Amino acid sequence: MHNNLLYRKIFITAALTFFCLDYLDGLGIETVLAAFTMGKVVGIIGTYRQILLF
């Protein structure tokens, strides 16, 4: 189940890039991994910020 969600996110990222920019040049695995890890880090920081400030 977890792999299915990962593939769905990669497909959505590729589809949005293709439809917005009309090409997929430069969309590599590093770009996708950076987007996923950055989203996780932002979520973790937001959680700790809420715990520490409130």
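Above this text is the structure in question.
A quick note: this is a predicted structure, and the numbers were derived from the prediction, not measured.

J.: I keep staring at the overall build of the chain and nothing clicks. Help me out?
T.: Regarding its fold elements, the chain presents two helices and zero strands. Expressed as a percentage of its 54 residues, the buried residues of the chain come to 6%. Accessible area of the chain: about 5,000 Å², with a carbon and sulfur share of 70%.

J.: Hey, could you run me through a nonpolar patch on the surface in this one?
T.: On the surface, Ile 44, Tyr 48, Ile 51, Leu 52 and Leu 53 cluster together into a nonpolar patch covering about 600 Å² of accessible area. In this fold, Tyr 48 is placed in helix H2 (residues 29-53). Look at Tyr 48 and you get exposed, because its relative accessible area is 52%.

So, how was this worked out
Residues numbered from 1 in each chain as written. Predicted model: local features only at pLDDT ≥ 70, side-chain atom pairs only at ≥ 80, totals over all residues. Heavy atoms only, no water. Helix = DSSP H or I, 4+ residues; strand = E, 2+ residues; numbered from the N terminus. Buried < 20%, exposed > 50% of the residue type's maximum accessible area, 1.4 Å probe, protein only. Areas by Shrake-Rupley, 256 points an atom, 1.4 Å probe, with all protein chains shown as cover. Patch = residues over 30% accessible without salt bridge, like charges linked within 9 Å, V, L, I, M, F, W, Y side chains within 5 Å. Salt bridge = Lys/Arg side-chain N within 4 Å of Asp/Glu carboxyl O.

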